[in-house]
Amino acid sequence: MTNQTFEQLKKTYESGRTRPLAWRRAQLNALRRLVTENRDAFVSSAMADLGKPAAETVLMELNLVAGEAQFVRNRLSLWTARHPKAMHWMLQPAAGWTIAEPKGVVLIISPWNYPVLLALEPMADALAAGNAVCLKPSELSPNTSKLLAELVPQYLDSEAVRVVEGGPKETGELLKCLFNHIFYTGGGHVGKIVMRAAAEHLTPVTLELGGKSPCFVDRTADINVAARRIAWGKFTNAGQTCVAPDYVLATPDVAEALAERIAVAITEFYGEDPKASPDFGRIINDRHFERLCKLLPVGTVPPEEPSSPLVQVASAVGAAMDMVGRRFNAVTTGRGGAGEMAGSANNAAKPTAGSNMAAADDGATASAAVEPSEIHKVPGVFDLAGRIVCGGKVDRAARYIAPTVLYGTSPDAPVMKEEIFGPILPILVVEDAESAIRFINKRSRPLAAYVFSRDHEVRLTFERQTSSGALGYSLPLGHLLSSRLPFGGVGASGIGTYHGKAGFLTFSHVKTVVTKPQFPDTLRLVYPPFNEAKAKLFDIIAKFS
């Protein structure tokens, strides 16, 4: 079935059907109608899949897809036109230009966390570039996947745009086809599988992955504004956003106050009981829920009801030993006088190399060896995960995890060893901006980094000395919302960019074209044989080149 789908798309593309600008504009107009005319259906499917609030689905998905389709549609004439380029004077008379042509038949593999946006936004860019498109939605958001499979053929050219539903089996079959470009959004583990499959055919890929996006805050920031913006960026979609702040590095003079102020912001956003708030989502499935529970401090989450008294006793003993072990590690890591921070010379512990631990589907980034002097040990915090400032409440049946803020987290905690991708925000106490930069640079390069500081030198230092897909000053998620800014990662957080013109170019081949009249044939000057006169001419040319 997947091979038949590919062959149909290939036949359509080779017929030239997708190349005219009229066809591209018609498809982009239809894509806008698809999301605007079916708003309620998409809201319902996202609610069923993720418990996603209606406002989030509209603002963070549907409106962005409609905006992207309109943005690229309005600029097609400019982007597809010839762009003249100057030719070397030695070749005159001559002319050169570049022109963007479609790559062909492209495959888009979308994830579950923003199941509409991350499926249809890259599709808008691919259609604008004149490609035939095969969309593979995530099977982990089955209601939205089914809705896309129903609506796409109703609105778009069914011979040029196809939706293939299914799981890993269907994805594997698609990856065997000779697509001209593969666009994948998801975790690093599957990203490697996609890249290996693409390498078999030398197919170009765009990988939009993830990572642990850091957020630095110092005393110059407006702590109230910083807290609200961090809380918004982190807990939107219940933390299941690839560019959400993953952890906070705060200087000692603001760290605890910031943690408490973020807790206040959470209450402002979601009320005293976020579980009852219509504006706070749920975790996608049981597997991710259990993974997130293991990142919380020991004893926070009650274990599932054991099946027998013997298992109950074993579970209790195991939990107690785990708690004692974590506390022992926390004490020995930061041993010193009461109230001393772990960064002091008398308190230094050996660096611990973090292992590469992946967050199930989400391509968690690796934790590198960390100098203990960079992170302060908070007195009275015995669990490596830190002290719970707010949240920590869970409901397995509802797949609900309350917005949780952890203060005094250790870099060796499980929550710091993988991309969190959930509503848990650890706050680490760091000496200063330089220490924060060293800490960040010892880890895999993230998809985003955020800085809340009004110190110009601090901001400039982060810009020059850290590498990330994007850098936001006092603004999380901002670059995700703009069609004018390229979106993408670097290193382990991704390959390639999209949005607006960057997306158009990702799905295009920019072809160079040159021309030279046959008369006069000035190239006769460089044809063999090369005699002494020509040698002198070459010497003169070299002096002017």
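Please refer to the structure higher up on the page.
Computed from a prediction, not measured in an experiment: that's the story for all the values here. (Residues numbered from 1 in each chain as written. Predicted model: local features only at pLDDT ≥ 70, side-chain atom pairs only at ≥ 80, totals over all residues. Heavy atoms only, no water.)

Description of the overall build of the protein
For clarity, the cut-off: Put simply, DSSP marks the helices as runs of H or I at least four residues long and the strands as runs of E at least two long, and each gets a number from the N terminus on. For every residue, the accessible area obtained with a 1.4 Å probe (protein chains only) is divided by the maximum for its type, and the residue is called buried under 20%, exposed over 50%, and partly exposed between those limits. We call two residues contacting when some pair of their heavy atoms lies within 4.5 Å. For accessible areas, the Shrake-Rupley method is used with a probe of radius 1.4 Å. Any residue's cover is judged against the shown protein chains and nothing else.
Helix and strand counts for the protein come out as 17 helices and 21 strands. Counting only residues that meet the buried cut, the protein has 52% of its 545 residues in that class. In the protein, the share of contacts with a sequence separation of at least 24, taken over all contacts with a separation of at least 6, comes to 74%. Of the accessible surface of the protein, which amounts to about 23900 Å², a share of 56% is contributed by carbon and sulfur atoms.

A few points about the packing of aromatic side chains
For clarity, the threshold we go by: Only Phe, Tyr and Trp rings are paired, with Trp represented by its six-membered ring, and only when their centres lie within 6.5 Å; those with planes under 30 degrees apart are stacked, over 60 edge-to-face, the remainder tilted. Placement of a charge over a ring requires the Lys NZ or Arg CZ to be within 6 Å of the ring centre, with the centre-to-atom vector within 35 degrees of the ring normal.
Summed over all chains, the structure comprises 13 aromatic pairs. Pairing Trp-112 with Phe-421 gives two aromatic rings, centres 5.5 Å apart and planes at 90°, and the pair type is edge-to-face. Placement of the pair is Trp-112 in the loop between strand S3 (105-109) and helix H6 (117-128) and Phe-421 in the loop between strand S14 (404-407) and strand S15 (424-430), with a sequence separation of 309 residues. Of the two residues, Trp-112 and Phe-421, neither departs from the other in class, the shared state being buried. Grouping aromatic residues by their ring pairs yields a cluster made of Phe-183, Phe-487, Tyr-498 and Phe-507. When the ring centre of Tyr-247 is taken as origin, the NZ or CZ atom of Arg-443, which lies over that ring, is 5.7 Å away. Arg-459 extends its terminal NZ or CZ atom over the ring of Tyr-473, reaching a point 4.3 Å from the ring centre.

Re the nonpolar core
What counts is decided by this rule: Throughout this description, the term nonpolar core refers to a set of buried Ala, Val, Leu, Ile, Met, Phe, Trp, Tyr and Cys residues connected via side-chain atoms within 4.5 Å.
Core analysis: the largest hydrophobic core is formed by 92 residues, its most contacted members being Phe-42, Leu-120, Met-123, Val-217, Val-243, Val-248 and Ile-262. In contact with Ile-262, not counting residues within four places along its chain, are Ala-227, Ile-230, Ala-231, Phe-235, Val-405, Leu-425 and Ile-427. Within the second largest apolar cluster, 30 residues are counted, among which are Val-301, Ala-433, Ile-440 and Val-451.

Some words on the sheet that holds strand S19 (residues 494-495)
This is how the line gets drawn: At least two bridges found by DSSP between two strands is the condition for calling them paired.
Read across the open sheet, the six strands follow the order S5-S4-S3-S6-S7-S19; overall the sheet is mixed. Looking at strand neighbours, the two that pair on one side only are strand S5 (161-163) and S19, the edges of this open sheet. Two elements, strand S4 (residues 132-136) and S5, share three bridges in a ladder whose sense is parallel. Across the sheet, the residue bridging to Cys-134 is Arg-162, located in S5.

Observations concerning the packing of helix H2 (residues 21-37) against H6
The following threshold applies: Only the stretch in contact is used when a helix axis is fitted, and all axes are lines through C-alpha atoms; the angle between N-to-C directions ranges over 0 to 180 degrees. What sets the label is the angle itself: under 35 degrees gives roughly parallel, over 145 gives roughly antiparallel, 65 to 115 gives roughly perpendicular, and the rest give oblique. Should the near helix be turned anticlockwise from the far one by less than a right angle, the crossing is termed left-handed; should it be turned clockwise, right-handed. Each residue is assigned to one class: nonpolar for Ala, Val, Leu, Ile, Met, Phe, Trp, Tyr, Cys and Pro, charged for Asp, Glu, Lys and Arg, and polar for all the others, Gly among them.
Axis separation between H2 and H6 bottoms out at 9 Å; the angle between their running directions is 165°. As judged from the angle between their axes, H2 and H6 are roughly antiparallel. Considering the relative orientation of H2 and H6, their crossing is left-handed. Contacts between H2 and H6 involve Trp-23, Arg-24, Gln-27, Leu-28, Leu-31, Leu-34 and Val-35 from the first element and Leu-120, Met-123, Ala-124, Leu-127 and Ala-128 from the second. Here the contact of H2 with H6 is built from residues that sort into ten nonpolar, one polar and one charged.

Here's the deal with the pattern of salt bridges
What counts is decided by this rule: Any Lys or Arg side-chain nitrogen located within 4 Å of an Asp or Glu carboxyl oxygen qualifies as a salt bridge.
Evaluated as defined, the whole model comprises 13 salt bridges. Here Lys-52 ties to Glu-61 by a salt bridge, and the two come within 2.6 Å at their closest N and O atoms. We note that Lys-52, like Glu-61, is buried. With a closest N to O distance of 3.8 Å, Glu-532 and Lys-536 form a salt bridge. Here the residue Glu-532 and the residue Lys-536 both occupy positions in helix H17 (residues 532-544), the gap between them amounting to four residues, near one helical turn. Residue class for Glu-532 comes out exposed when judged on its relative accessible area of 58%. In this structure, a network of salt bridges that share partners links the residues Arg-17, Asp-157 and Glu-159.

Some details on the environment of Arg-82
Mapped onto the elements, Arg-82 comes out in the loop between helix H5 (76-80) and strand S1 (83-85). We classify Arg-82 as exposed; its relative accessible area is 53%. Once the C-alpha coordinates of Arg-82 and Val-513 are considered, the two residues, 431 residues apart in sequence, prove to be 9.4 Å apart. Setting aside residues no more than four positions away along its own chain, Arg-82 makes contact with Trp-97, Thr-98 and Ile-99.

A closer look at the environment of Phe-216
Summarising the element assignment, Phe-216 is placed in strand S8 (residues 214-217). Taking the C-alpha atoms as reference points, Phe-216 and Pro-245, separated by 29 residues in sequence, lie 9.7 Å from one another. Setting aside residues no more than four positions away along its own chain, Phe-216 makes contact with Leu-249, Thr-251, Val-430, Asp-432, Ala-433, Ala-436, Tyr-450, Val-451, Phe-452, Val-458 and Phe-462.

Some points on helix H3 (residues 39-50)
For clarity, the cut-off: To estimate how far a helix should reach, multiply one less than its number of residues by 1.5 Å. By construction, the arc corresponds to the directions joining the helix axis to the C-beta atoms.
The end-to-end C-alpha separation of H3 is 16 Å, in line with the 16 Å expected for twelve residues at 1.5 Å each. Burial in H3 covers these residues: Phe-42, Val-43, Ser-45, Ala-46, Asp-49 and Leu-50. Down the axis of H3, the sector holding all buried residues measures 165°, keeping them to one side. Residues of H3 that are buried sit in contact with H2, helix H4 (54-73) and helix H7 (142-155). Phi for Gly-51, located one or two positions after H3, is positive at around 65°.

Considering a nonpolar patch on the surface
Going by this rule: Like-charged residues are merged into a patch within 9 Å and nonpolar side chains (Val, Leu, Ile, Met, Phe, Trp, Tyr) within 5 Å, provided each residue has over 30% relative accessible area and no salt bridge.
A cluster of nonpolar residues, Trp-89, Met-90, Leu-91, Ile-540 and Phe-544, forms a patch on the protein surface that exposes about 530 Å² of accessible area. Note on placement: Ile-540 falls in helix H17. When its relative accessible area of 47% is taken as the criterion, Ile-540 is described as partly exposed.

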